[in-house]
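For reference, the chains in residue letters:
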Amino acid sequence: MEAPYTRLCSKKKILTVNGQFPGPALHVHHGDTIYVTVLNKGRYNITIHWHGVKLTGYPWSDGPEYITQCPIQPGGKFKQKIIFSTEEGTLWWHAHSDWSRATVHGPIIVYPKINGTGYPFSKPLVEVPIILGEWWKRDVMDVLQEAVITGGDPADSDAFTINGQPGDLYPCSKSETIKLNVDQGNSYLLRIVNAALNTILFFSVAKHNLTVVGIDGSYAKPLTSGYITIATGQTIDAVLHANQDPNHYYMAARAFTSSPSVAFDNTTATAIVQYNGNYTLSSFPSLPQLPYYDDTNAAYSFLSSLRSLADEDHPVRVPSNITTRIVSTLSVNALPCHRNRSCEGPNGTILAASMNNITFVNPSIDILEAYYKHIHGVYGADFPSFPPLVFNFTADNLPLILEVSKTGTEVKILPFNSAVEIIFQGTNVVAGIDHPMHLHGYSFYIVGWGYGNFDKDKDPQNYNLIDPPFRNTVTVPGNGWTTIRFEATNPGVWFMHCHFDRHLVWGMETVFIVQDGTEARLSPPPPDMPPC
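What you see is a predicted model, and the numbers here were worked out from it, not measured in a lab.

**Focus on a nonpolar patch on the surface**
And step 1. Together, Leu169, Phe284 and Leu287 make up a nonpolar patch on the protein surface, roughly 290 Å² of accessible area in all.
And step 2. Tracing the chain through its elements places Leu287 in the loop between β19 (268–275) and α2 (296–303).

Next up, the structure:
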C-alpha cells in the first residue's frame, strides 16, 4: 500500500508523513488553535479528518470528502484551521477519502491547559501511543475497487498491527516487533487508538491489568480490567502498572465480532513489554488471555462499565428535556445487480448499507458548500426521524423484500440548541452485526443500550443520566440498540456514519445540519477550499 504524502504543520512544528505508517503524533494543549497544511503528493485524492475535534463553528476543516469539502487532488494542498476547545486526552487524525485511512493516520495528544489543573490521576512516568491498525498485502485501494466492481464484501485484512507491526508471530515482523521498555514499580500511560478499517478489537497485556482513565478525548472514572474492547474510531487512555516479575510479556490485539458467520480477520497482533534490569528471561513471552472472537458478553461488559469522571472540574450535562428525537435503523442491505453484470452479494445482488432504509449517495459537490452558498439540488432535507419500515428488526429469516433500500442524499436539519436523542436500532437484515457509529463535530452521552428491539416504554427507565460515558463513537450491538444524547450547539454540517469503512462505502451514513444560533454561527470558508 502506498500512503499519500501529507505534511502537517502548526505554529510550533512540522511533521511529515512520507510512507510512514502510522503517521506522527500531533501534540497540542487544551484550548489551542493550530494550522495544518495538507500537501498531497500521492496518487489518490485525499482529505484529512481530525477525529473527535469539535472544530466549534468551523466545519470547513473537518475533512470528510463531499460532506465538508471536495478532496485534495494529487499535487494540491489545503491549509486547515484546527480549533481545540473542550477536548483533553487522546484523539487521532486520519484520511477521510475512500480507504486511504488504512495507512494515513496518527494520534493527537491533547494535554491539559498550561498552568491548568493537570491530569485527574497520578501522572505516569511515560506516555506511549499504541496505534492498532489493519494491513493488507496488496494496495488497499485495489481491495476497495475490487469490492466496488463485484458488489461483494471486500477481502479481509491479512494482519492487524501495533504501531505499524504485526508482531513476532509473523516472520516478516520478527526483527521489528514493537517493544515497550518498562521499569518495575513505575506506571505508563498507553494512549490507545483503534485505527483498523473494519474491526472492533480486544486488547490486553499478559499478566497485567489496565486502568482506563480516559475515552475519546474526555476523562473517565478509573476502571481496572484485564482487557479492553475498542471499536474502530475509538480511543482509550489506560494506565499500565509495571508490577509483575521482570520478564517479557506480550501485549496483543485481535478481533471481536458478534456475528462470526460474517468473514473476518482472525489473526493476532503482538508487541512486547520488556522489563529493564538483570534477570533470567523466559524462553517465550507470556500471551494474554484475550476473550474469544465472539464473546459478546465480554465485549459489552467492558463497554457498559465505562463512566464519565463527573467531578467538580469535569461536570456532566446530560440533556433531559429532549426536543428532537430520532430513531434510526442500521442495516446491511442488498441492491439489485445491474443488467449484464455478475454481482457477488447475497443471491447475486450488490451489498449496501443504510440508516432508516436510506443508502446515502455522495453528491458531486460538498454539502457544506451547497448549504453555505444556498445551492439547490445537491441534497434533500428529508432524512426520517423514525424508521419508514417497522418490523421485528432482530428476527431471524426476515423477508428478502426488506433487504432492498432506497438511495439518496438526505440530511437532517437541527435547530440550534436542540436537545437531541438518537436511538440506533440494529437489524438482522442480511447480517446482524455491530456498528461503531461516529458523529463529527460533537461528543455525546451514551445513556442506554441493550440487546434485541428497543422498548420505548421500558428501556428509558434504565437510562444512566448521572455519569454516562462521553464519547464521539458508540458501538451499537449486533441485533441490539444504543441511545445517545447531545445538545446541538455547534453550527455547521456534520457527518454521522458507521466507522467500518466497508459500511461507509456502502452508504450507512447521514448528515446533520445544525442551524445558526444567536450566540454561535457558522464561520465563512477559508479562501483555499479544494475545488471539485
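**Let's talk about the nonpolar core**
And step 1. Ranked by size, the top nonpolar core spans 112 residues in total, and within it Ile108, Phe203, Phe424 and Met437 carry the most contacts.
And step 2. Sorting elements by how many residues they give to this core places strand β18 (residues 248–256) first, with 6 residues.
And step 3. Apart from residues no more than four positions distant in its own chain, Phe424 is found in contact with Ser328, Leu330, Met355, Met437, Val474, Val476, Gly480, Trp481, Thr482, Ile484 and Met496.

**Description of empty space enclosed by the protein**
And step 1. By the definition in use, this model includes 4 cavities of 30 Å³ or more.
And step 2. Space inside the largest cavity adds up to approximately 270 Å³.
And step 3. Surrounding the largest cavity, 22 residues form its lining, Asn198, Thr199, Ala263, Phe264 and Arg502 being those nearest its centre.
And step 4. Of the residues in the lining of the largest cavity, the class split is 10 nonpolar, 6 polar and 6 charged.
And step 5. Computed from the structure, the second largest cavity encloses a volume of approximately 90 Å³.

**Description of the sheet that holds strand β16 (residues 228–230)**
And step 1. An order of β11-β19-β18-β13-β16 is seen for the 5 strands of this open sheet, with the pairing classed as mixed. Looking at which strands have only one partner, the edges of the open sheet turn out to be β11 (179–182) and β16. The sheet shows a mean angle of 25° between the axes of neighbouring strands, direction not considered.
And step 2. Looking at chain direction, strand β13 (residues 200–205) and β16 are connected through 3 bridges and run antiparallel. The residue of β16 that forms the bridge with Phe203 is Ile228.
And step 3. On top of the sheet, α2 reaches β13, β16 and β18; it is set at about 90° to β16, its chief contact.

**Some remarks on the UniProt feature "domain: Plastocyanin-like" (unreviewed entry) in the protein chain**
And step 1. Feature annotation in UniProt assigns "domain: Plastocyanin-like" (unreviewed entry) to the following positions: residues 4–113, 127–278 and 404–516.
And step 2. For residues 127–278, helix accounts for 7% and strand for 47%, while the C-alpha atoms at its two ends are 24 Å apart.
And step 3. For residues 404–516, the end-to-end C-alpha separation is 36 Å, with 5% helix and 50% strand making up the annotated structure.

**Some words on the packing of aromatic side chains**
And step 1. One pass over the structure, following the stated rule, counts 21 aromatic pairs.
And step 2. Ring geometry for Phe121 versus Tyr219: centroids 6.2 Å apart, planes at 70°, classification edge-to-face. Of the two residues, Phe121 is situated in the loop between β8 (105–111) and β9 (126–135) and Tyr219 in strand β15 (residues 218–225); the sequence distance between them amounts to 98 residues. Here Phe121 and Tyr219 have matching classes, each one buried.
And step 3. With 5.0 Å between their ring centres and 50° between their planes, Tyr442 and Phe486 make a pair best called tilted. Taken as a pair, Tyr442 in the loop between β26 (435–439) and β27 (444–451) and Phe486 in strand β30 (residues 480–488) lie far apart in primary sequence, 44 residues in all.
And step 4. Residue class for Tyr442 comes out buried when judged on its relative accessible area of 7%.

**Brief notes about the pairing of β13**
Within a regular strand, side chains alternate between the sheet's two faces.
And step 1. Among the 6 residues in β13, 6 count as buried, and that is most of the element.
And step 2. Burial of the side chains of β13 extends over both faces: Ile200, Phe202 and Ser204 are buried on one face and Leu201, Phe203 and Val205 on the other.
And step 3. Note that β13 and β18 share 6 bridges and pair antiparallel. For Phe202, the partnering residue across the bridge sits in β18 and is Arg254.

**Looking at the sheet that holds strand β32 (residues 509–514)**
And step 1. Taking strand neighbours across the sheet as the criterion, the 5 strands line up as β24-β32-β31-β26-β29 in an open arrangement whose pairing is mixed. Only two strands of the sheet have a single partner each, and these edge strands are β24 (411–414) and β29 (473–476). Taking each pair of neighbouring strands and ignoring which way they run, the sheet shows an average axis angle of 20°.
And step 2. Pairing geometry for β26 and β29, over 4 bridges, is antiparallel. Of the residues in β29, the one forming a bridge with His435 is Val476.

The rules behind these values
Residues numbered from 1 in each chain as written. Predicted model: local features only at pLDDT ≥ 70, side-chain atom pairs only at ≥ 80, totals over all residues. Heavy atoms only, no water. Patch = residues over 30% accessible without salt bridge, like charges linked within 9 Å, V, L, I, M, F, W, Y side chains within 5 Å. Areas by Shrake-Rupley, 256 points an atom, 1.4 Å probe, with all protein chains shown as cover. Salt bridge = Lys/Arg side-chain N within 4 Å of Asp/Glu carboxyl O. Helix = DSSP H or I, 4+ residues; strand = E, 2+ residues; numbered from the N terminus. Core = buried A, V, L, I, M, F, W, Y, C linked by side-chain atoms within 4.5 Å. Buried < 20%, exposed > 50% of the residue type's maximum accessible area, 1.4 Å probe, protein only. Contact = heavy atoms within 4.5 Å. 1 Å grid on protein atoms, 1.4 Å probe; cavity = no way out; pocket = protein on both sides within 12 Å on 5 of 7 lines; lining within 4 Å. Points joined across faces, edges and corners; volume = space filled by probe spheres on them. Nonpolar A, V, L, I, M, F, W, Y, C, P; charged D, E, K, R; others polar. Pairing = 2+ DSSP bridges. Axes fitted to C-alpha atoms, helices over the stretch in contact; angles between N-to-C directions. UniProt positions renumbered as here; feature names shortened; annotations may be inferred. Phe/Tyr/Trp six-rings, centres within 6.5 Å; stacked < 30°, edge-to-face > 60°.

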